[in-house]
Amino acid sequence: MKPIRVALLDDHEVVRQGLIHYLNKFPDIEIVGDFESSHELMQAAGSTSIDVLLLDFVLGHKELDGVSMIRSFRTRFPSCRILVLSAHDTLANVSLILRVGAHGFISKNEGLSSFPRAIRQVASNATYLSSEMSHKLPETNYKNNL
């Protein structure tokens, strides 16, 4: 079985390095790239096969906003699944993120142990939400993105 190829876009190096260090423990997950900027990601994505993009929703001020990034990436790489990572875990934000085309949302407030499960779920064509968020958000808001 081939590992799930994951790319990570976050403007904070400590977040990227921490996630890489943790996720490298799982043989079914392979980090194929980590990027600080959307520009770096978009350049590399054309020549790198990515199954799941772990995307920070709020990047630096010179970057695309999260909504534009999700739409742009889905248009250019429609087979790639997008799992958004953010500390901005309000119901309104998560609903918006799913409506514009992300396949899941994981809060930066969740424990590290949630990340492999979230990546596997999104890679298997399901939507990932924490149990708390899935109870708050009606299924109709995200089932159409599968």
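Refer to the structure above for everything that follows.
To start, this report covers the structure provided alongside it.

### Looking at the packing of aromatic side chains
Piece 1. Counted under the stated rule, the structure contains two aromatic pairs.
Piece 2. Here Tyr22 and Phe26 contribute two aromatic rings whose centre-to-centre distance is 5.3 Å and whose plane-to-plane angle is 65°, an arrangement assigned as edge-to-face.
Piece 3. Ring geometry for Phe73 and Phe77: centres 4.8 Å apart, planes at 40°, overall tilted.

### Focus on helix α4 (residues 91–99)
Piece 1. Those residues of α4 lying buried are Val94, Ser95, Ile97 and Leu98. Summarising the axial view, the buried residues of α4 lie within an arc of 160°, below the 170-degree limit, and thus occupy one face. Those residues of α4 that are exposed and angled more than 90 degrees off the buried face are Ala92 and Arg99.
Piece 2. Each element contacted by the buried residues of α4 is listed here: α3 (66–76), β4 (81–86), β5 (104–107) and α6 (131–136).
Piece 3. A positive phi of about 125° marks Gly101, the residue just after α4.

### Structural notes on the sheet that holds strand β2 (residues 29–35)
Strand pairing in a sheet is mediated by backbone hydrogen bonds. Such pairs are either parallel or antiparallel.
Piece 1. Pairing is parallel across the open sheet formed by five strands, whose spatial order is β2-β1-β3-β4-β5. Every other strand in the sheet has two partners, leaving β2 and β5 as the edge strands with one partner each. Neighbour-to-neighbour, the strand axes of this sheet turn through a mean angle of 25°, independent of strand direction.
Piece 2. Two strands pair when backbone bridges link them, and strand β1 (residues 4–9) and β2 are joined in this way by six bridges, in the parallel orientation. The partner of Ala7 across the bridge, within β2, is Gly33.
Piece 3. Against the sheet, helix α5 (residues 114–123) makes contact with β1, β2, β3 (52–56), β4 and β5, and its axis sits at roughly 150° relative to β4, the strand it touches most.

### Looking at helix α1 (residues 13–23)
Piece 1. Of the residues making up α1, those classed as buried are Arg16, Leu19, Ile20, Tyr22 and Leu23. The buried residues of α1 occupy an angular sector of 165° when the element is viewed end-on, so they sit on one face. Facing away from the buried surface of α1 by more than 90 degrees, the exposed residues are Glu13, Val14 and His21.
Piece 2. Those residues of α1 hidden inside the fold are in contact with β1, β2, β3, β4 and α5.

### A look at the packing of α1 against α5
Piece 1. Two elements in contact, α1 and α5, have axes separated by 10 Å at closest approach and are oriented at 80°. Judged on the interaxial angle alone, α5 and α1 are roughly perpendicular. Every residue of α5 that contacts α1 at Leu19, Tyr22 and Leu23 is listed here: Phe115, Pro116 and Ile119.

### Concerning the pattern of salt bridges
Piece 1. Counted by the stated rule, this structure contains five salt bridges.
Piece 2. With its nearest N and O atoms 2.6 Å apart, the salt bridge here joins Arg5 to Asp51. In this pair, Arg5 is assigned in strand β1 and Asp51 in the loop between α2 (38–45) and β3, connecting sequence segments 46 residues apart.
Piece 3. Its relative accessible area of 22% is what places Asp51 among the partly exposed residues.
Piece 4. Salt-bridge contacts for Asp28 lead to Arg120; the nearest nitrogen and oxygen are separated by 2.6 Å. In this pair, Asp28 is assigned in the loop between α1 and β2 and Arg120 in helix α5, connecting sequence segments 92 residues apart.

Analysis parameters
Note on numbering: residues in each chain are counted from 1, in written sequence order. Given that this is a predicted model, residues contribute local features only at a pLDDT of at least 70 and side-chain atom pairs are listed and counted only at 80 or more, while totals for whole chains, interfaces and linings are drawn from all residues. With hydrogens and water stripped out, all remaining heavy atoms of the structure feed into the side-chain values. Two aromatic rings, drawn from Phe, Tyr or Trp (for Trp, its six-membered ring), form a pair once their centres lie within 6.5 Å of each other, and the interplanar angle then sorts them: stacked below 30 degrees, edge-to-face above 60, tilted otherwise. Only protein chains enter the accessibility calculation, which uses a 1.4 Å probe; a residue is then buried when its area is under 20% of its type maximum, exposed when over 50%, and partly exposed in between. Elements are defined by DSSP. Helices are runs of H or I of four residues or more, strands are runs of E of two residues or more, and each kind is numbered from the N terminus. By arc we mean the arc of the directions from the helix axis to the C-beta atoms, nothing more. Only heavy atoms enter the contact rule, under which two residues are in contact if any of them lie within 4.5 Å. The pairing criterion for strands is at least two bridges between them, as found by DSSP. Axis definition: a line fitted to C-alpha atoms, over the contacting stretch in the case of helices. Angles run 0 to 180 degrees between N-to-C directions. Orientation labels follow simple angle bins: below 35 degrees gives roughly parallel, above 145 gives roughly antiparallel, 65 to 115 gives roughly perpendicular, and whatever is left gives oblique. Salt bridge criterion: a side-chain nitrogen from Lys or Arg within 4 Å of a carboxyl oxygen from Asp or Glu.

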